[in-house]
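# Structural overview
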Amino acid sequence: MKVTDLKPKPPKILLYSGAGTGKTAFVSTLGEGLQLYDLDDGITTCLTLEDEHSKARKSIDVRQCLEDDPTKAMAFKKLQSYLNGVVKECHNGTYAFNALAIDSFTALADYAIRFAKYNSGHLAEPRVSLPEYGVAFSILEDVVLTLRALPILTIIIFHEMNIEIDETNTVEIAIPGKQLPYKIPRFFDEIWYLDVKRRAQNKVERRLFTAKTPAIRARSRLNVPDNTNIDVGLPKILKDVGFDLQKQGATNE
């Protein structure tokens, strides 16, 4: 087999930034082809934000996976059940969407830890044991691997954290544990950082950074241009680098 014989696969995107920077609003520009799993209860943005992408945002399919009962830990189990259904539907060719997003991994990690504590009978205890962390991290990795295997565009939204390395302030992807921060990003084709700048006259400029620097972790196998203005919407950004969401694959355009 030659490289030219390989069939391009829909990308797996890791998108991270700070709270309130517009990550959900940006991903939701994918419109009715997107099914979004809301773990942060932040989907209200899609109802209230008014711009040229408002219609697209309001047409996405949303499934909420929230912790409704503080005495239980069902949110993670609910997400697992939904994803198992997606895997079966994709296998049967009956999945009704061409993109799936998880918002956010930060909430997902919290739910995984709660789920592990609940199963061990220690949900009410503030301390998390090493075995519970081990279970939580294992099932988190399983979720990412499941998403990696899906034959559709998949996106996981992460929050950011600020750390200092050699007296340099660095923005990192907020992933718990010692091993997961090194393992999880390897499963993604695209690692994008969303930056927001406040300009004069209350104008806001949102840019997508796709190239690694000393301050951020980023990469793009699709060659999405660094410092891309996201106002055009995610479908346009993907199409400009040869990925047509409607056709679910790379083109030569």
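Residues numbered from 1 in each chain as written. Predicted model: local features only at pLDDT ≥ 70, side-chain atom pairs only at ≥ 80, totals over all residues. Heavy atoms only, no water.

## A few points about the side chain of Lys117
In plain terms, the rule: Secondary structure is summarised from DSSP: a helix means a run of H or I of at least four residues, a strand means a run of E of at least two, and numbering begins at the N terminus for each. Each residue is assigned to one of three classes by its accessible area relative to the maximum for its type, calculated with a 1.4 Å probe on protein chains only: buried under 20%, partly exposed between the two thresholds, exposed over 50%. In this tally, Lys and Arg are treated as positive and Asp and Glu as negative; His is ignored, and so are the chain termini. Salt bridges, as used here, are contacts in which a Lys or Arg side-chain nitrogen is within 4 Å of a carboxyl oxygen on Asp or Glu. The definition of a polar contact used here is a pair of N or O atoms within 3.5 Å, where within protein one atom must be able to donate a hydrogen and the other to accept one, and adjacent residues in sequence count solely through side-chain atom pairs. Here a residue-residue contact requires only that any non-hydrogen atoms of the pair lie within 4.5 Å.
Inspection of the secondary structure puts Lys117 in helix α5 (residues 105-119). Although Lys117 is buried, it makes no salt bridge; Glu132 carries the closest opposite charge, 4.4 Å away. A polar contact of 2.5 Å, which involves the side chain of Lys117, links it to the backbone oxygen of Glu125. Once residues lying within four places of it in the same chain are set aside, the contact partners of Lys117 are His122, Leu123, Glu125, Pro126, Arg127, Val128 and Glu132.

## Quick look at empty space enclosed by the protein
It is a probe the size of a water molecule, rolled over the atoms, that shows where empty space is left. Heads up, the condition is: Cavity and pocket criteria rest on a 1 Å grid covering protein atoms alone: a 1.4 Å probe that fits but cannot get out defines a cavity, protein on both sides within 12 Å along at least 5 of 7 lines defines an open pocket, and an atom within 4 Å of a point defines a lining residue. Grid points are joined across faces, edges and corners, and a volume is the space filled by probe spheres set on the points.
Per the counting criterion, the structure on display carries 1 cavity of 30 Å³ or more. Lys12, Val144, Leu147, Arg148, Thr154, Ile155, Ile156, Phe187 and Phe188 are the residues that line the largest cavity. Broken down by secondary-structure element, the contributors of at least two residues to the lining of the largest cavity are α6 (130-149) and β5 (153-165).

## Concerning the nonpolar core
Condition: Definition of nonpolar core: a set of buried residues of the types Ala, Val, Leu, Ile, Met, Phe, Trp, Tyr and Cys, connected through side-chain atoms within 4.5 Å.
Ranked by size, the top nonpolar core spans 48 residues in total, and within it Leu100, Phe105 and Phe158 carry the most contacts. If you list the elements that add at least two residues to this core, you get β1 (12-17), α4 (75-92), β4 (99-103), α5, α6, β5, β6 (168-173) and β7 (190-198). For this core, the leading source of residues is α5, giving 9 residues. In this structure, Leu100 is in contact with Leu34, Gln35, Tyr37, Leu83, Val86, Tyr95, Leu147, Leu150, Ile152, Leu153, Thr154 and Ile155, ignoring residues within four places of it in sequence.

## Describing the pattern of salt bridges
Overall, the coordinates contain 11 salt bridges when judged by the stated rule. Linking Arg114 and Glu67 is a salt bridge whose minimum nitrogen-to-oxygen distance equals 3.2 Å. With Arg114 in helix α5 and Glu67 in the loop between β3 (61-64) and α4, the pair connects residues that are 47 residues apart, well separated along the chain. For Arg217, the salt bridge identified is with Glu172, shortest N-O distance 3.0 Å. Taken as a pair, Arg217 in the loop between β8 (204-209) and β9 (219-220) and Glu172 in strand β6 lie far apart in primary sequence, 45 residues in all. With a relative accessible area of 22%, Arg217 lands in the partly exposed category.

## Describing the confidence of the model for the chain
Put simply, the rule is: One confidence number per residue, pLDDT, is output by the predictor and ranges from 0 to 100.
Residue-level pLDDT values for the chain average 89, and 93% of them are 70 or greater. Within the model, pLDDT remains below 50 along residues 249-253, and this stretch shows 10 contacts once partners closer than five positions in the same chain are excluded.

## Observations concerning the layout of surface pockets
Applicable threshold: In this classification, Asp, Glu, Lys and Arg are treated as charged, Ala, Val, Leu, Ile, Met, Phe, Trp, Tyr, Cys and Pro as nonpolar, and every other residue, Gly included, as polar.
Roughly 540 Å³ of volume is contained in the largest pocket. As for the largest pocket, its lining consists of 24 residues, and the residues nearest its centre are Thr21, Gly22, Lys23, Ala25 and Thr45. Elements supplying a minimum of two residues to the lining of the largest pocket: α1 (23-27) and β8. Residue contributions to the lining of the largest pocket peak at 4 residues, all from α1. Among the residues forming the lining of the largest pocket, the class breakdown is 6 nonpolar, 10 polar and 8 charged. Here the second largest pocket defines a volume of roughly 250 Å³. Taken together, Lys9, Pro10, Pro11, Lys12, Arg148, Ala149, Leu150, Pro151, Asp189, Arg221, Leu222 and Val241 make up the full set of residues lining the second largest pocket. In terms of residue class, the lining of the second largest pocket is made up of 7 nonpolar, no polar and 5 charged.

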